[in-house]
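Structure assessment
Here is how the chains run, residue by residue.
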Amino acid sequence: AKQKEVLYQVKTKRDSGVLKAYITFTYRMLHPGVSARLMLYGLVIALPGIFFFKDLYWRIFFTGIGVLMILLGLFRQYISLWMTKRNDPDYKSGADFTYNFTVNDADFLKDGVRFSGLGKYKDITGFYHDDSYLYMGMKNKEIIVIPKSAFTIGDSDSFEEFIYKKSKKTCHWLPNNFRDAM
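The notes below deal with the structure included here. (Residues numbered from 1 in each chain as written. Predicted model: local features only at pLDDT ≥ 70, side-chain atom pairs only at ≥ 80, totals over all residues. Heavy atoms only, no water.)

1. A short note on the side chain of serine 167
- Among the structural elements, serine 167 can be located in helix α5 (residues 156-167).
- A distance of 2.7 Å separates the side chain of serine 167 from the backbone oxygen of isoleucine 163, its partner in a polar contact.
- At 3.1 Å, the side chain of serine 167 and the backbone nitrogen of lysine 169 are in polar contact.
- Every residue in contact with serine 167, bar those within four places of it in the chain, is listed here: Tyr121, Lys122 and Ile124. (Helix = DSSP H or I, 4+ residues; strand = E, 2+ residues; numbered from the N terminus. Polar contact = N/O pair within 3.5 Å; in protein donor to acceptor, adjacent residues only side chain to side chain. Contact = heavy atoms within 4.5 Å.)

2. Quick look at the pairing of strand β2 (residues 96-101)
- Counting buried positions along β2 yields 5 of 6 residues, so the element is predominantly enclosed.
- Here 6 bridges tie strand β1 (residues 8-13) to β2, and the two strands are oriented antiparallel to one another. Looking at the pairing, tyrosine 8 lines up with phenylalanine 101 of β2.
- In terms of strand pairing, β2 meets strand β3 (residues 106-110) through 5 bridges, oriented antiparallel. In the strand pairing of β3, asparagine 100 is matched with aspartate 107.
- Between β2 and β3, which pair antiparallel one after the other, the connecting turn spans 4 residues. (Buried < 20%, exposed > 50% of the residue type's maximum accessible area, 1.4 Å probe, protein only. Pairing = 2+ DSSP bridges.)

3. Considerations on the nonpolar core
- With 23 residues, the main nonpolar core has Phe101, Met136, Ile146 and Phe159 as its most contacted residues.
- Listed by contribution, the elements that provide at least two residues to this core are β1, β2, β3, β5 (124-129), β6 (133-138), β7 (143-147) and α5.
- Those residues in contact with phenylalanine 159, other than ones at most four positions away along the chain, are Tyr8, Phe101, Phe127, Leu134, Met136, Ile146 and Phe151.
- With 8 residues, the next largest nonpolar core counts Phe25, Tyr128, Tyr135 and Val145 among its residues. (Core = buried A, V, L, I, M, F, W, Y, C linked by side-chain atoms within 4.5 Å.)

4. Description of unusual backbone geometry
- Of note, the phi angle at aspartate 111 is positive, near 50°, even though the residue is not glycine.
- Looking at where aspartate 111 falls in the secondary structure, it is placed in the loop between β3 and β4 (113-118).
- A positive phi angle, close to 70°, is found at lysine 141, a residue other than glycine.
- Mapped onto the elements, lysine 141 comes out in the loop between β6 and β7.

5. Comments concerning the sheet that holds β3
- Spatial strand order, β4-β3-β2-β1-β8: 5 strands in an open sheet with antiparallel pairing. Strands at the two margins of the open sheet, each flanked by one partner only, are β4 and β8 (151-153). In this sheet, neighbouring strand axes are inclined to one another by 25° on average, regardless of whether the strands run parallel or antiparallel.
- Running over the sheet, α5 touches β1, β2 and β8 and is turned about 120° from β1. (Axes fitted to C-alpha atoms, helices over the stretch in contact; angles between N-to-C directions.)

6. Observations concerning the pattern of salt bridges
- The full count for this structure, using the stated rule, is 9 salt bridges.
- Notably, a salt bridge pairs lysine 13 with aspartate 96, separated by 2.5 Å at the nearest N-O pair. On the criterion of sequence distance, the pair formed by lysine 13 in strand β1 and aspartate 96 in strand β2 is long-range, its members being 83 residues apart.
- When its relative accessible area of 39% is taken as the criterion, lysine 13 is described as partly exposed. (Salt bridge = Lys/Arg side-chain N within 4 Å of Asp/Glu carboxyl O.)

The analysis is restricted to geometry; functional conclusions fall outside its scope.
This is the structure in structure tokens:
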């Protein structure tokens, strides 16, 4: 069988940076505003505990629950990162991931064995980027996180154009924080 020419290749590992990028991306895209709502609910629960209740037990109870919700809102992506690191076998084993993009399709390999891919580029449902990563959503609900610095063949800028030509999906900018969104 004739081997397909790889136009773009990415070699990466599922390290802390990739995991954090994935968690942050899914929170921003699938669950926007949850952190703010958790902090608001925490405040709404804590304030009566501080100002309304006279009984020490109820003051401690409501204030404690409110503070816990505020902390959860502030640190939920770090909690998710910690839990993922504990439970992700690919992170623990240091598996090598290679993403090969050819003219018509893509193969995704883990430690040299194909685990997924794109039969055609029209299967891309969304394409996003921030300062350090590209995020590619696919029809099978899979999200591939590609570090921009991990291209071994090609580069991230021309890859964005390539994906647009093949899938007609524009690569959308994701601001990293509130200041970037302004």
